[in-house]
Amino acid sequence: QIFKRRRETEIKHGRVAMYAAIGYIVPEYFKWPGYLSPSLGLSFEDVPNGLAAISKVPGQGWSQIVAFAGYYELFVYKYNGTPGDYGWKAITSSDPDTLNKKLSAEIANGRLAMMAIIGMFFQDGLTGSAWGDWALYTDSPLRSTGKFSPGYNTLPEWEKPKNGFEGLVGDQPPLGFWDPAGYARDGNVENFKRRREVELKHGRVAMFATIGYIVPEYFKFDGDLSPSSGLKFADVPNGLKALGVVPAAGWAQILAFAGFIETVVNKPTGEPGNYGKGFLSLGTLGLGSSIQDPEIRVKKLASEISNGRLAMFAIIGMFFQDGLTGSAWGDWALYTGSPLRAFENELGVQAPVGFFDPFGMTKDGDVETFKRRRATELKNGRVAMLAAMGYITPEYFRFPGNCATGLKFADIPNGLAALGKVPGAGWTQIFLFLGMVEKSLYTHDPTRAPGDFKNGGVLGVPNGSTMVEGEARTKKLNSELANGRLAMMAITGMWFQDGLTGSAWGDWSLYTDSPLRAFENELGVQAPVGFWDPIGFTADGDVEAFKRRRATELKHGRISMLACMGYMTPEIIGKFPGYLSPSTGLKYADIPNGLGAISKVPWEGWFQMVFYCLFVEYKSGFGKDWKEGTPGDLGWKMLTASDPEKKQRKLQAEIANSRLAMTAILAMFFQNGTVGTTGPEMWIGKAPVPGSAWAFENELGVQAPVGYFDPAGMSADVCV
């Protein structure tokens, strides 16, 4: 039933999308003569094509469209058990094969049309033209190629192009002027003021709404909310449940009041959100006046925007937990449908988060796995607490004397820089000590709680005192978990700022420029991504490390290109005649293509491969190319040209193709491993297996070259 419902929805959307795609194309060549709305004097010719038409169609027109769609949905097209079959046989045939072919074509065209119309909407919205005249898209961050091109360079903040709205209220640290969706990039002042007005209204309403969630928990008015219906204020529940209790007359009053404030009381004055009512709008009651001091006024307006933004997040969170738990204050004990409840009474389940498992790692209810993870969490937390203290203490105190021969404690810097100072013998001692603690002193006992070791007393003192069972013990153990979690976050933050600034305490004045710019003119920096290093491998600005990684990238890419060809060639032109290994009687024809070959090649063959790879590495000087010259340049100039520009283009193409090949070969491995063959089935699916997600692979819409395509696994439950 679920599959049929989804297929029904897919067919409907596809049919609408086909009409919509045609509707984008036809008006470019033909429009009806006469009037669309005689009463408004609106002719068909006046309605622009594309998204711009939305604002031109009058309200009555939209009403007719919605009514027409609703009429067909509710009365004309009745579901009869077959998705998309409403008795109107526009696509039919007496021949079953022909009929199946036509219906499959409809689904395929519908899918294509859904992609097409989304693309049309996208380019229409970006360019302002139904047919996407990209010459109009002058604000694209990818268009310029000069020094100040944000599409190709990661520039410091002060070099980024200004849009005209920096410095206004709401432009506050640490984000500054934050507009990731690019709403303000057109520089349109009126649009900006309208959006700022909307933001302020939403923020003010959200602040009231947040307060409105809190106050009724402590106070409600006496008496009746609706005397005619006998409804008291005390009878109205807090939160979302109130929506079903307030009578229609109450909603009418609320809407009327909001409309009165919107259209009569609050008149625009030119400044977004300022309606001439003074501080906190108390001027409406004759109790307030506007703030005269410019500095104080800007500060309070900035606070209002910040608080409004916070309140919008807060009220959404309240709605979410109210909807899940049925309680305005999120009594998660009521959320009986949660798959995480099996461990909700364990240590570490504390307010305000409760049992926090966003990745669902405990949803299988496996107790042993939970205990193992809890033990790991405790260990990591304990180490993190010591590490966080280890970052702080050396700033105030260090041991006198020597850490090692010739190395004083005072000579060891704080933070990550210490890693390079500790001698090898020191690291050996550290690892031996950890091993002794792990394997001898604190050994795992399955009969004891995670993190509770026989030899460990309070604060982990070996054979020390223990805490007696009871509330005080539970409280301290909960505190340990909470502090450990905090310490894990803290030490990670310390490492992050230490790594960025070179200072254990994050002196950000040292971080005057992004080290990512050092390599932005290297090969591989190509449109549209530019210099792409999301993990920050080049954040240290180390040229040698960059060259080594570039050489590694080129090697992997070249091997991947050969590997991709190696997957395809045996399927197309066949295999070598004769024997791969005469001594074992193994023919080339006996070696399967793909992953299956791994178990067929004898160990002598693997030895030869490894030896050959080492020989190639040896001949290339074990990294001599990047150590002394250009990464990837091994002297064999297959990709070269006398023209520097052509040579550059060829080398860029090699890197781009290599990256594509690395992605491609991983995908081949994945699908080869999934279907167990490199033959045609690898590309078009395999035979149905009863009781598996392949149960629908013979349905309409399963067509080459994709086959049965359900990457989100929506049909994995095999619910027909």
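Criteria and thresholds
Here the residue numbers are simple positions, counted from 1 along each chain's written sequence. The predicted nature of this model means local features are confined to residues of pLDDT at least 70 and side-chain atom pairs, given and counted, to a pLDDT of 80 or more, with totals for whole chains, interfaces and linings taken over all residues. Computation of side-chain values covers all heavy atoms of the structure but excludes hydrogens and water. Every helix listed is a DSSP run of H or I at least four residues long, and every strand listed is a run of E at least two residues long, numbered separately from the N terminus. When a residue's accessible area, from a 1.4 Å probe over protein chains only, is under 20% of the maximum for its type it is buried; when over 50% it is exposed; and in between it is partly exposed. Whether two residues are in contact is decided by their heavy atoms, any of which lying within 4.5 Å being enough. Each accessible area is a Shrake-Rupley result for a 1.4 Å probe, and residues are judged covered by the shown protein chains and nothing else. As used here, the term nonpolar core means buried Ala, Val, Leu, Ile, Met, Phe, Trp, Tyr and Cys residues forming a set that is joined through side-chain atoms within 4.5 Å. Salt bridges, as used here, are contacts in which a Lys or Arg side-chain nitrogen is within 4 Å of a carboxyl oxygen on Asp or Glu. A fitted line through C-alpha atoms serves as each axis, taken over the contacting stretch for helices, and the angle formed by two N-to-C directions is quoted from 0 to 180°. Any angle that is under 35 degrees is reported as roughly parallel, and any over 145 degrees as roughly antiparallel; angles of 65 to 115 degrees are reported as roughly perpendicular and all others as oblique. Crossing handedness: left-handed means the near helix sits turned counterclockwise from the far one by under a right angle, and right-handed means the same turn made clockwise. Classes in brief: Ala, Val, Leu, Ile, Met, Phe, Trp, Tyr, Cys and Pro nonpolar; Asp, Glu, Lys and Arg charged; the others, Gly included, polar. Scored from 0 to 100, pLDDT reflects the predictor's confidence in each residue. Expected helix span is computed as 1.5 Å times (number of residues minus one).

Asks: Talk me through the overall build of the protein; I want residue IDs and the actual numbers.
Replies: Along its length, the protein carries 14 helices and 8 strands. Residues classed as buried in the protein amount to 24% of the 720 residues present. Put simply, 50% of the contacts in the protein that link residues at least 6 apart link residues at least 24 apart. Counting only carbon and sulfur atoms, one obtains 64% of the accessible surface of the protein, whose full area is about 48800 Å².

Asks: Give me the nonpolar core: which residues, what numbers.
Replies: If you look at the biggest cluster of nonpolar residues, it comprises 7 residues: Ala 17, Ala 21, Tyr 24, Ala 113, Ile 117, Met 120 and Ala 130. For this core, the secondary-structure elements that each account for two or more residues are α1 (2-25) and α3 (96-127). Residues within four places of Ile 117 in sequence aside, it is in contact with Ala 17, Ala 20, Ala 21 and Tyr 24.

Asks: So what about the pattern of salt bridges? Which residues, and what values?
Replies: Pairing is possible between side chains that carry opposite charge, provided their charged atoms lie close to one another. For the coordinates displayed, the defined rule picks out 16 salt bridges. Here Lys 12 ties to Glu 73 by a salt bridge, and the two come within 2.5 Å at their closest N and O atoms. Taken together, the positions of Lys 12 in helix α1 and Glu 73 in helix α2 (residues 59-76) put the pair 61 residues apart, joining distant regions of the chain. Accessibility expressed as a relative area gives 28% for Lys 12, which makes it partly exposed. The class for Glu 73 is partly exposed, based on a relative accessible area of 44%. Overlapping salt bridges bring together Arg 7, Glu 10 and Arg 111 as one network.

Asks: Tell me about the packing of α1 against α3, and name the residues and values.
Replies: Remark: α1 packs on α3, axes separated minimally by 7 Å, with the N-to-C direction vectors making an angle of 55°. In this view, α1 runs oblique relative to α3, as classed from their interaxial angle. Considering the relative orientation of α1 and α3, their crossing is left-handed. Contact residues: Arg 7, Glu 10, Ile 11, His 13, Gly 14, Arg 15, Ala 17, Met 18, Ala 20, Ala 21, Tyr 24 and Ile 25 in α1; Glu 106, Ile 107, Asn 109, Gly 110, Arg 111, Ala 113, Met 114, Ile 117, Met 120, Phe 121 and Asp 124 in α3. Residue composition of the contact of α1 with α3, grouped by class: 13 nonpolar, 4 polar and 6 charged.

Asks: Could you give an account of the environment of Thr 492, naming the residues involved and the relevant values?
Replies: Within the element layout of this structure, Thr 492 appears in helix α9 (residues 471-501). Take Thr 492: its relative accessible area is 47%, and that puts it in the partly exposed class. C-alpha separation for the pair Thr 492 and Ala 388, spaced 104 residues apart in sequence, amounts to 9.2 Å.

Asks: Tell me about the packing of helix α4 (residues 189-214) against helix α6 (residues 294-325), and please be specific about residues and values.
Replies: As a packed pair, α4 and α6 sit with axes 7 Å apart at the nearest point and diverge in direction by 50°. With respect to α6, the axis of α4 lies oblique. As for how α4 packs across α6, the hand of that crossing is left-handed. Across the interface between the two elements, Arg 196, Glu 199, Leu 200, His 202, Gly 203, Arg 204, Ala 206, Met 207, Ala 209, Thr 210, Tyr 213 and Ile 214 of α4 pack against Glu 304, Ile 305, Asn 307, Gly 308, Arg 309, Ala 311, Met 312, Ala 314, Ile 315, Met 318, Phe 319 and Asp 322 of α6. Looking at side-chain class alone, the contact of α4 with α6 contains 13 nonpolar, 5 polar and 6 charged residues.

Asks: How would you explain the confidence of the model for the protein if you had to name every residue and give the values?
Replies: Looking at the protein as a whole, the pLDDT averages 76, with 75% of positions reaching at least 70. Of all secondary-structure elements in the protein, the lowest mean pLDDT belongs to helix α14 (residues 681-684), at 53, while strand β4 (residues 231-232) reaches the highest, 89. Counting interchain partners and residues more than four positions distant, the pLDDT-below-50 stretch residues 141-163 has 45 contacts. This stretch, residues 684-694, has a pLDDT under 50; its non-local contacts, to residues over four places away or in other chains, come to 19 contacts.

Asks: Give me the lowdown on helix α10 (residues 543-572), citing residues and values where you can.
Replies: In this model, α10 (30 residues) spans 44 Å end to end at C-alpha, consistent with the 44 Å of a helix rising 1.5 Å per residue. Restricting attention to buried positions, one finds in α10 the residues Ala 545, Phe 546, Arg 550, Ala 551, Leu 554, Gly 557, Ser 560, Cys 564 and Tyr 567. Just downstream of α10, Gly 574 is the residue with a positive phi angle, here 95°.

Asks: Hey, could you go over the environment of Leu 586 for me, with residue numbers and the actual values?
Replies: Within the element layout of this structure, Leu 586 appears in strand β8 (residues 586-587). Residue classification places Leu 586 among the buried residues on the basis of a relative accessible area of 13%. Non-local contacts of Leu 586, meaning those with residues more than four positions away in its chain, are made with Tyr 579, Leu 580, Ser 581, Ile 591, Lys 600 and Pro 602.

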